[in-house]
Structure formats: C-alpha cells, structure tokens
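Given next are the chains, with one letter for each unit.
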Amino acid sequence: MPDALKALIFDVDGTLAETEEAHRQAFNRAFAEARLPWQWDAALYGELLQVSGGKERIRAFVQDHDPARDTPALDGLIARLHKRKTELYTAFVAGGDVPFRPGVARLINEARALGLRLAVATTTTTANVTALLDGATGGAGHAWFEVMACAEDAPAKKPDPLVYKVVLERLGLRPHQCLALEDSRNGVRAARAAGVPVVVSRSAYTQDDDVSGALRVYPDFETVTLEELRRLYAGMRYA
Ligand code: XBP
Ligand code: MG
C-alpha cells in the first residue's frame, strides 16, 4: 500500500498553462533587439524544447545552427539575451493573457479544500512563475503554492531529478507521499528519477513526447478530479 497522498507537485510550462508560445516570442524579440539573425519558428522550437532551460536552449541552438558564434563571448551574450527574454516574458504573462489550462484552477481549489499541500517543480526562472501565477489568477496565485523550486534552485535541469529532490526536501516528504503533474518526456523522467509518481497531460508542444513511466496519461485536465487522482494513487503499483 502506498502512503497517504500528502502533496501535488505541479510542473509549470505546458502543465499549469500553455506558455511555450509566449516563451518562443520573447526569445525571438530578444534576438531581434540584439540584431541577431535568429528566428525560432514553431517547428524549430518544438525540437529545441528537448533541451530544458532557456539559456541551455540558446546554447544548443548556437552549437547546431550558428557554430561560428560558439566563442568565449557566448556566455555573456546568452546571459544578456536571457535577461531580456525574461523581462519580455514576465511583462506579457503578468498581464493575464496566458490563462491556466482548463481544469487546472479547479483541481488546485479541490486540493486546497482538502488540505493537500501544493508545490511547483520547474526548470523555468522564478520571476516567470510568479508573473504567470499572478497574471493568471489576478494576483493570488503564487501564495497557493507552499513550495516553489525553479531554475535558480536546481541548476541541473529536467530530466535531471534535482528540482524534484529540492521540492521533496522543502516539503519534508518522501517521494511516494506526492503526486507530480507533468506534460513532457523530460518532466516524467525527472519525476520518476526522483521516485515521485507522475500523471501526464501532454501540451501543445509535447503531443509526440514519449511519456512512458507515467501512472496515467490524460487527454486534458478538464475531466481530471482530485478524487480520480486519489483513487489512482491509492491503487498504484510502482516498482
Ligand atoms: C519548461 C522549459 C523552460 C521554458 C523557458 O520548463 O523548458 O525552459 O521553456 O524558461 P518546465 P527559461 O516545463 O519544467 O516548467 O527561459 O526561464 O529557462
Ligand atoms: Mg513542462
């Protein structure tokens, strides 16, 4: 028998909200402002998403598509571009234009009503998460999550389990007392490598991701109730 479910751990990008188009456009605007000849269309961005973390994603792109710029100056360029990209992204999502995915706010409310603890485990920057949560909820969102572990807390990005380990330590819980919600292959691998059971609903950019290892894959979160998650958790058979 598993432990009693104590906490839900939410991924952010693709899970709480469909944010990746906003990320992509912020990257492109930062590149244009820096007069770089880089443009990430949706197809290319879909491939680049295999690398989690914005700075890591820019570096992987340069290595594959513009290797002449892979010089000692690249670190500084990436830092400047990423800072500007974060400013652009946070300004956009803080305006409330990127809502939660259908069902997410209800699920969070059900969990809060039943006293489940809530956490965030993400590879994105803290400022992005706060802006998104507050933008999507009109201000209250970030306070709903007792623990948030973001890029600054876990430099090794998903699929590395570090961000989940940080969350577990801060919650003071064991992996099997929690259930993670993810949208991607990297997310599932990170949760499972930390020993955390995970359910998935793929997002726009992760429709083709191999999410084997998930306890269950849902077409969306709209029909997922907390009762369903608790039933699934109670009956789970993870090695
Ligand atoms: C998704 C990501 C992030 C964002 C960009 O993370 O891979 O890198 O695309 O964010 P998750 P930054 O699904 O784990 O939340 O530019 O701030 O890195
Ligand atoms: Mg995600």
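Everything discussed here concerns the structure shown above.
Starting from 1, residues in each chain are numbered consecutively following that chain's sequence as written. Chain letters start at A and ligand numbers start at 1, both assigned in the order the entries are written. A pLDDT threshold of at least 70 governs which residues receive local features in this predicted model, and a stricter bar of 80 or more applies before side-chain atom pairs are shown or counted, although totals over entire chains, interfaces and linings include all residues. Hydrogens are left out, water is left out, and the side-chain values use all remaining heavy atoms of the structure.

Caption draft 1: Representation of the pattern of salt bridges in the model. Salt-bridge detection follows one rule: a side-chain nitrogen of Lys or Arg within 4 Å of a carboxyl oxygen of Asp or Glu. Counting across every chain of the model gives 15 salt bridges. The closest approach of N and O atoms between Asp 75 and Arg 59, which form a salt bridge, is 2.7 Å. In this pair, Asp 75 is assigned in helix 4 (residues 74-94) and Arg 59 in helix 3 (residues 54-65), connecting sequence segments 16 residues apart. Where Arg 170 meets Asp 153, a salt bridge forms, and the shortest distance between an N and an O atom there is 3.0 Å. Of this pair, Arg 170 sits in helix 7 (residues 162-171) while Asp 153 sits in the loop between strand 3 (147-149) and helix 7, placing them 17 residues apart in sequence. A relative accessible area of 26% places Asp 153 in the partly exposed class. In the salt-bridge network here, residues are joined through shared partners; they are Glu 33, Lys 83, Arg 84 and Glu 87. Only DSSP runs of H or I reaching four residues or more are called helices, and only runs of E reaching two or more are called strands; each is numbered from the N terminus. Buried, partly exposed and exposed residues are distinguished by accessible area as a fraction of the type maximum, computed with a 1.4 Å probe on protein chains only: under 20%, between the cut-offs, and over 50%, respectively.

Caption draft 2: Structural context of the sheet that holds strand 1 (residues 7-10). Taking strand neighbours across the sheet as the criterion, the six strands line up as 3-2-1-4-5-6 in an open arrangement whose pairing is parallel. The open sheet terminates on both sides in strands that have one partner only, identified here as strand 3 and strand 6 (216-218). Across the sheet, the mean angle separating the axes of adjacent strands is 20° when strand polarity is ignored. Following DSSP output, two strands are said to pair if at least two bridges run between them. In terms of strand pairing, strand 1 meets strand 4 (residues 178-182) through four bridges, oriented parallel. Residue Ile 9 lies in a different strand from strand 4, and its bridge partner there is Ala 180. Note on method: axes are straight lines fitted to C-alpha atoms, helices fitted across the in-contact stretch only, with angles between N-to-C directions ranging 0 to 180 degrees.

Caption draft 3: View of the coordination of the magnesium ion (ligand 2). Coordination partners: N, O, S within 2.8 Å of the metal, 3.2 Å for Na, K and Ca; water not considered, so apparent gaps in a site are possible. Every protein donor of the magnesium ion (ligand 2) is accounted for by Asp 11 (OD), Asp 13 (O) and Asp 183 (OD), and the metal-donor separations fall at 2.2 Å. Mapped onto the sequence, the donors of the magnesium ion (ligand 2) take the spacing D-x1-D-x169-D. Highlighted residues: Asp 11 in the loop between strand 1 and helix 1 (20-33) and Asp 183 in the loop between strand 4 and helix 8 (185-193), separated in sequence by 172 residues. The exposure class assigned to Asp 11 is buried, which follows from its relative accessible area of 5%. Judged by its relative accessible area of 4%, Asp 183 is buried.

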